[in-house]
Amino acid sequence: MRRHRLSCFLRRLESFSHHWIARNSAACLRVSIGLVFLWFGALKIFPGLSPAEALAGKTIERLSAGLVPGTLGVPLLGLFEVALGTALVLSLALRQVLVTLLAHMAGTGLPLLLFPEKVFGPDPLTLTFEGQYIVKNLVIISGTLVVAARELGERHQRKERRDAPSPALVQQEVRPI
């Protein structure tokens, strides 16, 4: 009898866990990515705190043809990342934020091409600390795609249900005359 109760309890717990994860995993991922952006962005606002500061500054200077010095560009980048993180955590303007985030992530990969000596070690399979910092963005990109598929997909489905004609109207349209 005890075994049966334990088995029933475990099945209910598994079912509850599965439903909870299915309902909440994309939101947890969205908030997690948002917190990473808030944290890493905040570090860039204050000189000397971000391990990516020097490389980000050089990249900004190169991309702007020297018009934007790294000392200005990195704190601005930090503010931008804090804004993205805040929007993700609060689920604000998700479509625009997710597209902007993916574009930003493409930009964070530019040092791989612009400064390979800063990103790779003695051989192409070895990454420096800065290189590891960049390559981890693959996880953020994948997570962003999952969040976009889930959160934007749900919004699209709700809109389709809202815009769909009522069943009574559909039945009226197919009646023979």
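Look a little higher up for the structure.
Let me begin by describing the structure that accompanies this report.

Rules and cut-offs
Residues numbered from 1 in each chain as written. Predicted model: local features only at pLDDT ≥ 70, side-chain atom pairs only at ≥ 80, totals over all residues. Heavy atoms only, no water. Helix = DSSP H or I, 4+ residues; strand = E, 2+ residues; numbered from the N terminus. Polar contact = N/O pair within 3.5 Å; in protein donor to acceptor, adjacent residues only side chain to side chain. Contact = heavy atoms within 4.5 Å. Core = buried A, V, L, I, M, F, W, Y, C linked by side-chain atoms within 4.5 Å. Buried < 20%, exposed > 50% of the residue type's maximum accessible area, 1.4 Å probe, protein only. Axes fitted to C-alpha atoms, helices over the stretch in contact; angles between N-to-C directions. Parallel < 35°, antiparallel > 145°, perpendicular 65-115°, else oblique. Left-handed = near helix turned anticlockwise from the far one by under 90°. Salt bridge = Lys/Arg side-chain N within 4 Å of Asp/Glu carboxyl O.

On to the side chain of E151. By secondary structure assignment, the location of E151 is in helix α8 (residues 137–163). Here R30 takes part through its side chain, which lies 3.2 Å from a polar atom of the side chain of E151. Leaving out residues up to four positions away in the same chain, E151 has contacts with A26, A27, R30, S91 and L94.

Turning next to the nonpolar core. In terms of nonpolar packing, the biggest core is built from 14 residues, with I33, F37, L88, L98 and L101 touching the most fellow members. Of all elements in the fold, only α1 (2–45), α3 (70–90), α4 (94–108) and α8 reach the threshold of two or more residues within this core. If one sorts the elements of this core by residue count, α4 sits on top with five residues. Those residues in contact with L98 that sit more than four places away from it in its chain are L88, T144, V147, A148 and L152.

Contact pair α1 / α4: the axes reach a minimum separation of 13 Å and the direction vectors enclose 55 degrees. Compared by their axis directions, α1 and α4 come out oblique. The interaxial crossing formed by α1 with α4 has left-handed handedness. Counted together, R30, I33 and F37 of α1 and L94, L101, H104 and M105 of α4 form the full contact between these two elements.

For the coordinates displayed, the defined rule picks out two salt bridges. Between E151 and R30 there is a salt bridge, with the nearest N and O atoms lying 3.2 Å from each other. Highlighted residues: E151 in helix α8 and R30 in helix α1, separated in sequence by 121 residues. With respect to class, E151 is no different from R30; both count as buried. One salt bridge in this structure joins K44 and E81, with 2.8 Å as the shortest N-O distance. Separated by 37 residues along the polypeptide, K44 in helix α1 and E81 in helix α3 bring together distant segments of the chain. A relative accessible area of 6% means that K44 is categorised as buried.

With that settled, the discussion passes to unusual backbone geometry. A positive phi angle, close to 55 degrees, is found at A65, a residue other than glycine. Note on placement: A65 falls in the loop between α2 (53–63) and α3. With a phi close to 60 degrees, S91 is a non-glycine residue in the positive phi region. Along the chain, the position of S91 falls in the loop between α3 and α4. The exposure class of S91 is partly exposed, given its relative accessible area of 24%.

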